[in-house]
Amino acid sequence: MPFIKKSFITEKLLPNVAIEKLINNYVQLKKAGSNYTCCCPFHHEKTPSFSVTPSKQMFYCFGCKEHGNVIDFVMKYKNLGFVEAVEEVAQFAGIEVEYDKSSSHSKDEYDRLKEYYELMDRCASLFSSCLKSAEGQVGYNYFKNNRGLSDETILKCRLGFAPANPRYLQDAICRNPADEKKLIDLGLLVQGQYGVHAMYRNRVMIPIFDKRGRIISFGGRTMGDDKPKYMNTKETAIYRKRQELFGLYESLLANNNRPQRLVVVEGYMDVISVRQAGCSYAVASLGTATTPEQIQTMFRYTDRIVFCYDGDSAGRNAAWHALQIITPIMQEGKEISFAFLPPEHDPDSLVREKGLDAFVKFLDEAMSYPEFLVLHNSQSFNLQDPNELSIFINNSIKLIAQIPLSAVQMVCIKLLSTPSGISENQLYDMLKANKDSVKENKSEQRIISESFNNDRKAEAGEVLKTPMRKLMAFIVQQPIVVSSVYHEFSLDTFVALCKRMNVNGSSHLEGILQLISENPEITPANFIELTRGSEYEKTVRFLMDAPLNLVTTTGAELPFNDRIDYFAVLLGDVLLKPLKERAQMLKIQLSQGNPNALEEYGVIQRIIRNNQK
């Protein structure tokens, strides 16, 4: 938890911010009964599925499943960190933020990271000024003449030049020894055999921004054929290359955080060049092949990803690697395609020679995921050779079996039938042979475990598959109801009984009920804040969305007393199964001549009969 007081958020901030008013500042809400609705700002849709519930101080999208309180909305909508989002919400409410002065470690860490960002920004300014110097003229000419970049692009991208002097950073940036140490931490200075010197020398410099527009790294490129052509900053406290994408910040900025599509190209200069030409949605990985983390990040902002590579063998191999990475993490409603440029072109050269329309045409005509899977695999084997044909079919089936979407599997099977010469029915039989292992893997990805650490987009029936899950879903969605009968229903005793009977989920139940005991006026929005960063956060967030259908036939919320009755039934359901199991064990003991089991068996049987009336 950062160094803002949790009590400030739950007791002062959230109760004084009307979620519908805050969200209406960013999107246009329409009244829908007691709630408000609009098209979701977090994914593209034509029919509104985004709902704001003032009574719970929560928002929820029935399409993409994004949900949360006002702080979550600001974090997601503006790509802010937690602290910055709290500060923005507080500013909206006209409330002064209260910081936890005793949390020195958190504040020290926050201040340290802030100093890192400031240093990176100062270094970027230095590189930009060096580009305008006499020594940097060679870099400026490279950008202007070799790459065809305009002065406006150079300025907007904050492109720069690193001088040849190995101590230029110390001379211009370091105000004290601590600054030198921080620049070493950031990878801009390195400790060598002859002392500390600048990592980047006599190179053009390209800053890398995170999703919030802060400079977190640099790419340094030679202006000739020196090796390595590109040098990238090492991973640091503010830079994880597997998780970041070059150009993502600019793409989100230009498309209100929701680009219609993102196109993944190979290099920094490709991104900058096509952006200058008018393509506002290009990104690139950072010196590595595209990672699962980067794909998941893109999925957060768009429904369509186009991987664009050169048409040579290296480009197709890179695309194949991307396909293999993306296969197990494909999502419903997400479109993946692959575009291949002519061998003589990359995106940079294509837009400069033939214009943006030529580039966009390749993107619009990109090959779908199923088409590329079958085509690339078929071209990797001699299908006239029976041995290679069998390997081709086997490899294709194994890859298709990893796809978590049945509709995509069906399309792949249909396309595979032609080059393989095998009927669709026979291919389906082969696919079914892989089904047990695939089903197990799919279950691990989609079905929430008792510790609630899995995907919150699992089917509703799977989310609420046990009485305990249903009970906890009710508790986090209706905490005021639970609070009103906490002592009347002896919930502490109920938890103790669940633990004694080893009911799965008892420890999580105890944790969330304790929050209600300590905060009787808790709301669903407060539940999120009180569990943020704790072991219960995923449980609460997952079950906050679970459809309990606590409504009347007219669509209104169930009356308060009816919700209490519903809660009482859930409590009984949680204990019913373990009670039956206990009764069965006691019955066996009675048959073995143990008379001491009779009394407990009779009590349990009466409880079971009463619960089933």
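Residues numbered from 1 in each chain as written. Predicted model: local features only at pLDDT ≥ 70, side-chain atom pairs only at ≥ 80, totals over all residues. Heavy atoms only, no water.

**Thoughts on the overall build of the chain**
Then comes step 1: What the chain contains, in helices and strands, is 29 helices and 16 strands.
Then comes step 2: When its C-alpha atoms are laid out on the principal axes, the chain stretches across 95 × 70 × 55 Å.
Then comes step 3: For the chain, the residues scored as buried account for 48% of the 613 residues in total.
Then comes step 4: Of the roughly 29300 Å² of accessible surface on the chain, a fraction of 49% belongs to carbon and sulfur atoms.
Then comes step 5: Averaging the positions of the 72 positive and the 73 negative side-chain charges in the chain gives two centres separated by 1 Å. (Helix = DSSP H or I, 4+ residues; strand = E, 2+ residues; numbered from the N terminus. Buried < 20%, exposed > 50% of the residue type's maximum accessible area, 1.4 Å probe, protein only. Areas by Shrake-Rupley, 256 points an atom, 1.4 Å probe, with all protein chains shown as cover. Lys, Arg positive; Asp, Glu negative; His and termini not counted. Charge placed at Lys NZ, Arg CZ, Asp CG, Glu CD.)

**Let's talk about the sheet that holds strand β3 (residues 50-53)**
Then comes step 1: Taken in spatial order, the 5 strands make up an open sheet running β1-β2-β3-β4-β5, and their pairing is antiparallel. The sheet is open, and its two edges are formed by β1 (30-32) and β5 (67-68), each paired on a single side.
Then comes step 2: Relative to strand β2 (residues 35-38), β1 is paired through 3 bridges, and the arrangement is antiparallel. Bridged to K31 within β2 is Y36. (Pairing = 2+ DSSP bridges.)

**A closer look at the pattern of salt bridges**
Then comes step 1: If you walk through the whole model with that rule in mind, you get 24 salt bridges.
Then comes step 2: With a closest N to O distance of 3.0 Å, E66 and K76 form a salt bridge. Placement of the pair is E66 in the loop between β4 (58-61) and β5 and K76 in helix α3 (residues 70-78), with a sequence separation of 10 residues. Taken individually, E66 and K76 each receive the classification buried, so the pair is uniform in this respect.
Then comes step 3: Taken together, the shared-partner salt bridges in this structure form one network comprising D72, E529, R532, E537 and R541. (Salt bridge = Lys/Arg side-chain N within 4 Å of Asp/Glu carboxyl O.)

**Description of the sheet that holds strand β11 (residues 230-232)**
Then comes step 1: Taking strand neighbours across the sheet as the criterion, the 4 strands line up as β6-β9-β10-β11 in an open arrangement whose pairing is antiparallel. Every interior strand has two partners, whereas the edge strands, β6 (160-162) and β11, have only one. Taken pair by pair, the neighbouring strands of this sheet meet at an average axis angle of 35 degrees, ignoring direction. (Axes fitted to C-alpha atoms, helices over the stretch in contact; angles between N-to-C directions.)

**Some words on the packing of helix α18 (residues 406-420) against helix α19 (residues 424-433)**
Then comes step 1: At their nearest, the axes of α18 and α19 sit 9 Å apart, and the two run at 120 degrees to each other. As judged from the angle between their axes, α18 and α19 are oblique. Two packed elements cross with a definite hand, and for α18 against α19 that hand is right-handed. Along the contact surface, α18 presents Q409, M410, I413, K414, L416, S417 and S420, while α19 presents E424, L427, Y428 and L431.
Then comes step 2: Partitioned by chemical class, the residues of the contact of α18 with α19 number 6 nonpolar, 3 polar and 2 charged. (Parallel < 35°, antiparallel > 145°, perpendicular 65-115°, else oblique. Left-handed = near helix turned anticlockwise from the far one by under 90°. Contact = heavy atoms within 4.5 Å. Nonpolar A, V, L, I, M, F, W, Y, C, P; charged D, E, K, R; others polar.)

**Topic: the side chain of N69**
Then comes step 1: Locating N69 in the fold gives a position in the loop between β5 and α3.
Then comes step 2: Here A525 takes part through its backbone oxygen, which lies 3.1 Å from a polar atom of the side chain of N69.
Then comes step 3: Each residue touching N69, except ones within four places of it in the same chain, is listed here: L14, I19, Q57, M58, F59, A525, I528, E529 and R532. (Polar contact = N/O pair within 3.5 Å; in protein donor to acceptor, adjacent residues only side chain to side chain.)

**Some words on the packing of helix α24 (residues 491-500) against helix α25 (residues 506-518)**
Then comes step 1: The interhelical angle for the contact between α24 and α25, taken along N-to-C directions, is 165 degrees, at an axis separation of 9 Å. Our classification of the angle between α24 and α25 gives roughly antiparallel. α24 and α25 meet at a crossing whose hand is left-handed. Contacts from L491, F494, V495, C498 and K499 in α24 reach S506, L509, E510 and L513 in α25.
Then comes step 2: Grouping the constituent residues of the contact of α24 with α25 by class yields 6 nonpolar, 1 polar and 2 charged.

**Observations concerning the nonpolar core**
Then comes step 1: Ranked by internal contacts, the top residues of the largest apolar core, which has 107 residues, are F359 and Y369.
Then comes step 2: When residues of this core are assigned to their parent elements, the largest contribution, 10 residues, is made by helix α5 (residues 104-131).
Then comes step 3: Setting aside residues no more than four positions away along its own chain, F359 makes contact with V263, V265, V274, C279, C308, L341, P347, L350 and V351.
Then comes step 4: If you look at the next biggest cluster of nonpolar residues, it comprises 75 residues, including V17, V86, L558 and L579. (Core = buried A, V, L, I, M, F, W, Y, C linked by side-chain atoms within 4.5 Å.)

**Concerning the pairing of β2**
Then comes step 1: Hairpin remark: β1 followed by β2, antiparallel, with 2 residues in the connecting loop; positive phi at G33, about 70 degrees.
Then comes step 2: Both β2 and β3 contribute to a ladder of 3 bridges, which runs antiparallel. Bridging from a neighbouring strand, Y36 pairs with V52 of β3.

**A short note on the packing of aromatic side chains**
Then comes step 1: All told, the structure shown has 25 aromatic pairs when counted by the stated rule.
Then comes step 2: Judged by centre distance (5.5 Å) and plane angle (80 degrees), the rings of Y230 and Y268 are edge-to-face. In this pair, Y230 is assigned in strand β11 and Y268 in helix α11 (residues 268-277), connecting sequence segments 38 residues apart.
Then comes step 3: Judged by relative accessible area, which is 5%, Y268 ranks as buried.
Then comes step 4: Ring-pair connections join several aromatic residues into one group, and the members of that group are Y26, F42, F50, F59, F73 and Y77.
Then comes step 5: Sitting above the plane of the Y117 ring, R214 keeps its charged end 4.0 Å from the centroid. (Phe/Tyr/Trp six-rings, centres within 6.5 Å; stacked < 30°, edge-to-face > 60°. Lys NZ or Arg CZ within 6 Å of the ring centre and 35° of its normal.)

**Digging into helix α9 (residues 177-185)**
Then comes step 1: Among the residues making up α9, those that are buried are D179, K182 and L183. Looking straight down α9, one finds that the buried residues subtend no more than 100 degrees of arc, so they occupy a single side.
Then comes step 2: Two or three places before A178, at the start of α9, stands the capping residue N176, its side-chain oxygen 3.1 Å from that residue's backbone nitrogen.
Then comes step 3: Of the residues flanking the end of α9, it is G187, one or two places downstream, whose phi is positive at about 80 degrees. (Arc of directions from axis to C-beta.)

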